[in-house]
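Examination of the molecular architecture
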Amino acid sequence: MTYDLFIGDYAYSSWSLRGWLLFRALGLKPQVHLVDFNKAGVAEQMPQAAPARTVPAMRTPDGTLVWDSLAMAEELHSRHPDGGLWPDDPAARGLGRSLACEMHSGFTALRGECPMNLRTAYRDVPLSDATKTDIARIETIWTHARERYSQHGPWLLGNYSIADIAFAPVAARFAGYDVTLSDVAQAYVDTHLSDTMFRQWRTMALVTGDTLPWYAKPFDTRPWPGPEPVPARPVDDGPAVNATCPFTGGTPRYFLEFEGRIFGFEN
Ligand SMILES: N[C@@H](CCC(=O)N[C@@H](CS)C(=O)NCC(=O)O)C(=O)O
């Protein structure tokens, strides 16, 4: 038995990104059920997860249904206490929980005005005062954490934790809406943009599902500010150096060559 994970559109579902990162951070491979934002309502598309009506949601191997990304985070931490989702140090953990909970219950102006859209990056975005206030507050609490834990690593508590998972979609918004930040905050955003797990999710966002017009904004665009994609070329056949697809865990059927080595992917 494994976990079932219900997620929404990779490009637009910021809460789903959190749910998915939890499993990636733990190294767990759930059975993923994709809800299509271009189809019927979310709840209608996942009757097997009722009464959950939003994504993400998960069913644990023992059949327990858990919905809401924060509930999932805490439940996964409880069930996998050695997985590193929260640090052992109570001071770091207390700060991390404060950060994650403030994100979970706040920043409504930013979230409303700048919906996550991993397919587009805008430039010169005019932001409301309410959103600027949210951004200033986020910079304050990120700086508070970074001042305490930067010697342990590049994440809010040094090592990657639920606090970073909570803020991954915020980093995506700051990148996508060309938000000017302090050096400390920008460095933290860049850490997310170059993170392998985040880049894997964004890759899925580029190739899965439709571009949904109601997320489009009337601003000029710019290239996505994350790291440049590496040059690779498609090839007809393997064998690949990897036995399973790094995205799906399935058997590779498509292949590419990169720096003299062949890698395989399921889709
Ligand atoms: N607080 C919830 C929010 C989940 C949420 O609102 N998800 C959106 C997609 S990003 C959704 O499922 N919306 C469908 C709806 O509201 O019907 C969480 O953290 O999981």
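The structure under discussion appears in the preceding block.
Quick caveat: nothing in here was measured; it's all calculated off a predicted structure.

**Some points on the sheet that holds strand β3 (residues 57-59)**
Neighbouring strands of a sheet are bound in pairs by backbone hydrogen bonds; such pairs are parallel or else antiparallel. Reading across the sheet, the 4 strands line up as β2-β1-β3-β4 and stay open at both edges, with mixed pairing between neighbours. Only two strands of the sheet have a single partner each, and these edge strands are β2 (31-34) and β4 (65-67). Averaged over all pairs of adjacent strands, the angle between their axes in this sheet comes to 20 degrees, without regard to strand direction. Across the sheet, helix α1 (residues 14-26) lies against β1 (4-7) and β3, angled at about 155 degrees from β1, the strand it touches most.

**Thoughts on the packing of aromatic side chains**
Within the structure shown, the criterion is met by 12 aromatic pairs. Site record: aromatic cluster; members linked through ring pairs are Trp-142, Trp-155, Tyr-160, Phe-167, Phe-174 and Tyr-188. Above the face of the Trp-15 ring, Arg-18 is positioned so that its terminal group lies 4.3 Å from the ring centre.

**Considering the site of the ligand**
The ligand sits among Ser-13, Trp-15, Phe-37, Val-42, Thr-54, Val-55, Pro-56, Asp-68, Ser-69 and His-104. Asp-68 places a side-chain nitrogen or oxygen 3.1 Å from a nitrogen atom of the ligand. Residue Ser-69 places a side-chain N or O atom 2.6 Å away from an oxygen atom belonging to the ligand. The class makeup of the residues in the shell around the ligand is 5 nonpolar, 4 polar and 1 charged.

Thresholds applied
- Residues numbered from 1 in each chain as written.
- Predicted model: local features only at pLDDT ≥ 70, side-chain atom pairs only at ≥ 80, totals over all residues.
- Heavy atoms only, no water.
- Pairing = 2+ DSSP bridges.
- Helix = DSSP H or I, 4+ residues; strand = E, 2+ residues; numbered from the N terminus.
- Axes fitted to C-alpha atoms, helices over the stretch in contact; angles between N-to-C directions.
- Contact = heavy atoms within 4.5 Å.
- Phe/Tyr/Trp six-rings, centres within 6.5 Å; stacked < 30°, edge-to-face > 60°.
- Lys NZ or Arg CZ within 6 Å of the ring centre and 35° of its normal.
- Near = heavy atom within 4 Å.
- Polar contact = N/O pair within 3.5 Å; in protein donor to acceptor, adjacent residues only side chain to side chain.
- Nonpolar A, V, L, I, M, F, W, Y, C, P; charged D, E, K, R; others polar.

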